[in-house]
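# Observations on the model geometry
What follows is each chain in one-letter form.
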Protein chains: 2
Amino acid sequence: MVYAIGLMSGTSLDGIDAALVEISGKNETTAVKLIDFLTVPFSEGTLRRIREALSLESSDVEKICSLNIELGECFAQATLAICKQAGIASTDLAFIGSHGQTIFHIPFARDTLYASTFQIGDPAVICERTKTTVVSNFRERDMAVGGQGAPIVPYSEYVLYQKPNTTRLLQNIGGIGNVTVIPKSGNINDMIAFDTGPGNVIMNELCLYFFNQAYDENGTYASQGKVSQALLEELLAHPYIQKPYPKTTGREDFGKQFTTALLEKWSLVPKDFIATATMFTAKTIAKAVQPFIQGETELIVGGGGSYNQTLIAMIKAELPEVKVMIQEEIGYSSEAKEAIAMAVLANQTLQHCPGNVPSATGAEKAVPLGSITYY
Amino acid sequence: MVYAIGLMSGTSLDGIDAALVEISGKNETTAVKLIDFLTVPFSEGTLRRIREALSLESSDVEKICSLNIELGECFAQATLAICKQAGIASTDLAFIGSHGQTIFHIPFARDTLYASTFQIGDPAVICERTKTTVVSNFRERDMAVGGQGAPIVPYSEYVLYQKPNTTRLLQNIGGIGNVTVIPKSGNINDMIAFDTGPGNVIMNELCLYFFNQAYDENGTYASQGKVSQALLEELLAHPYIQKPYPKTTGREDFGKQFTTALLEKWSLVPKDFIATATMFTAKTIAKAVQPFIQGETELIVGGGGSYNQTLIAMIKAELPEVKVMIQEEIGYSSEAKEAIAMAVLANQTLQHCPGNVPSATGAEKAVPLGSITYY
């Protein structure tokens, strides 16, 4: 077992997630244990500069050139902070896996644009400040073999969640919902991952609109409302929900604009509106995972939505034959999952082992991901 | 000995230089032999997109995201092209060292901008297309330890040009002139590198203005003119020439604007003007290297200026105690020098050995440069 750190900074810009793990083995023999976890928010200035760099209108080459180094310093600081919290020195680490900050993603080529993805946060800076080897830029290699560079976590999910004779459905409920299917065969090539549809995004927009709340804490509003069958039916007819996988969606499909249109068309009591949106998410998840239920099946829910008790109860009601649990019930941390995945991927790369799951990303083959900056 | 390729794409945007070498050893024992060389020009579309990406006005995050991959494909194609030319398979290569295309460089921090440098040309794409391990992004690590990330070639120059009991002055004459001093001690820590001043830039501007020629071929115009002592004196009084090293300059100091001002102030016969500019470059070089002349001393001239016979004759006259030669006279290729350096640096990195020269870049210490993308 060696110490390693995984660093993740998501598109939500909540800050840098740092997971300190103990890790050993490789491929099927990988064993990972979460030792400590920390989220370091960005300073206001850094946050502003990230927003500028990821916008088509305000970005330019100078800003991106500088921000790449600035974020390298931020990732290094997050590493040093979690080491301090855990009482170890950064030189005790065997390696760091750093996802970087995604500032752009072009999933498919069009016109003169190449399919591409763009993560920044200079590994050389992280390496020097922490005196530790860094593995970074995981997504490009998958795209170089025809994958979409996303999702990036299934390999780690396979390593962490695979259970003999059990189909495990890992449902993440962030703004958007996505599921990873680990089939009972245990064969990584049979894994499937896709976006189920909206996660919390519609509920959150409604909470903001009606109650000036960022989200429906514990699902309390939804629990006090009544589902409108008419609205629910309309929502379930959405083309994305009807579409078979593989498929991906985003906030651009189910975000503010979508919710505003609903609010204009439907006049419902606020809590009924929220209850209906909650049921919509529950139904889309149930519908999405239905084809994969086979014998002993567990649905493990993570992400912010896993703390919405009304949503979880609805999912349970929709899937009576499935054992529905949240991450914490099986001893995992939902918030640390992606950061842990970066340590798992780096561990694979350093041993020249693959880290993508072709059946999830669409890649032609499994390849080691990322570049290594040795200290 | 293994086969390796060095790839360089300079700021002049002439295209991708690919050097196929045989290389062995590391540090002082490094041995490199140039096997083949090729320059692959960029397509018009790629060239336009590079120009857009490096301009503050026209760059944006989408263009840079895409171009990183497009250039990765270009670098891969250049690799495959030189392999074909040399009659080997890319899988015969032990590794590729790729400099990437510099699209921005901020040598010193200012306001909210970090000292930073930005090379693109995705190594994962090069790695997959050539089925070969790639080392890339050499400059960031030097900057992470306080260096300027430039010059990047002195380590390779040390390996290639060091000669017992001889001081060697490697003078490159491109648009700007720069010199690397390899002291007779053979101690890498005593190496010095700096810009001597204008190289061909003023001569070229004058040739374009007077004769609509890109440059003074063989120095013919200069050989037919007469040096104006008055203009020469004014030029030699330029603050940059008087300043002690370390120092760097660029086209922004001695380019079109500078030359236009000279043309407005001085009315000379065209060939006298060119002869004077040529003598100016010769004198700045002589003045710059004077302090380093010690015992057996050789000045080895490379770059476009090395083919200007009038300039070379003037330098020889200025430095009677120095043996002045051009690269080809000692069996080296001037045009392949930087691409070869990328193979030398990659070779160092793969063996966890340093590649920067702190006395040249200002770095606090010698460090391995770049990140490794293993095939």
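Note that the structure is predicted; figures quoted are calculated from it, not measured.

It is worth spelling out unusual backbone geometry at this point. A150 of chain A connects to P151 of chain A through a cis peptide bond whose omega is -5°. Within the secondary structure layout, P151 of chain A lies in the loop between helix 4 (139–144) and helix 5 (154–161). Although it is not a glycine, N137 of chain A sits at a positive phi angle of roughly 55°. Positionally, N137 of chain A belongs in the loop between strand 6 (134–136) and helix 4. Of note in this structure, N212 of chain B is not a glycine but carries a positive phi near 55°. Here N212 of chain B is to be found in the loop between helix 6 (201–211) and helix 7 (220–223). Judged by its relative accessible area of 63%, N212 of chain B falls in the exposed class.

Turning to the domain arrangement of chain A, a few remarks are in order. All names here are of chain A. One can read the domain layout of chain A as domain 1 (2–149 + 336–373) and domain 2 (154–330). Between the C-alpha centres of domain 1 and domain 2 the distance comes to 26 Å. The interface is formed by 16 residues belonging to domain 1 together with 15 residues belonging to domain 2. Counting the surface lost from both domain 1 and domain 2, the interface buries some 1200 Å², and carbon and sulfur atoms represent 63% of this. Of all residues in domain 1, K337, V357 and S359 give up the largest surface area on contact with domain 2, accounting jointly for 42% of the area buried on that side. Linking domain 1 with domain 2 are one salt bridge. When the shortest N-O distance is used, the salt bridge between E157 and K337 registers 2.7 Å. Taken together, the links from domain 1 to domain 2 amount to four residue pairs in polar contact (both at pLDDT 80 or more). Broken down by secondary-structure element, the contributors of at least two residues to the side of domain 1 that touches domain 2 are helix 14 (337–350) and helix 15 (358–361). Looking at the side of domain 1 that touches domain 2, the element that brings in the most residues is helix 14, giving six residues.

According to the stated counting rule, one finds 23 aromatic pairs over all chains in the structure shown. Arranged with centres 4.8 Å apart and planes meeting at 45°, the rings of Y161 of chain B and Y332 of chain B form a pair that is tilted. One end of the pair, Y161 of chain B, is in helix 5 (residues 154–161); the other, Y332 of chain B, is in the loop between strand 11 (323–326) and helix 14 (337–350), with 171 residues separating them in the sequence. By relative accessible area, Y332 of chain B is classed as partly exposed at 25%. Ring pairs connect the aromatic residues Y209, F210, F211, Y221 and F273 of chain A, which therefore count as one cluster. If you follow K247 of chain A out to its NZ or CZ, it ends over the ring of Y240 of chain A, 4.4 Å from the centre.

Conventions we followed
- Residues numbered from 1 in each chain as written.
- Chains lettered and ligands numbered in written order.
- Predicted model: local features only at pLDDT ≥ 70, side-chain atom pairs only at ≥ 80, totals over all residues.
- Heavy atoms only, no water.
- Helix = DSSP H or I, 4+ residues; strand = E, 2+ residues; numbered from the N terminus.
- Buried < 20%, exposed > 50% of the residue type's maximum accessible area, 1.4 Å probe, protein only.
- Domains from an automatic or database assignment.
- Contact = heavy atoms within 4.5 Å.
- Buried area = accessible area lost by both parts, 1.4 Å probe.
- Salt bridge = Lys/Arg side-chain N within 4 Å of Asp/Glu carboxyl O.
- Polar contact = N/O pair within 3.5 Å; in protein donor to acceptor, adjacent residues only side chain to side chain.
- Phe/Tyr/Trp six-rings, centres within 6.5 Å; stacked < 30°, edge-to-face > 60°.
- Lys NZ or Arg CZ within 6 Å of the ring centre and 35° of its normal.

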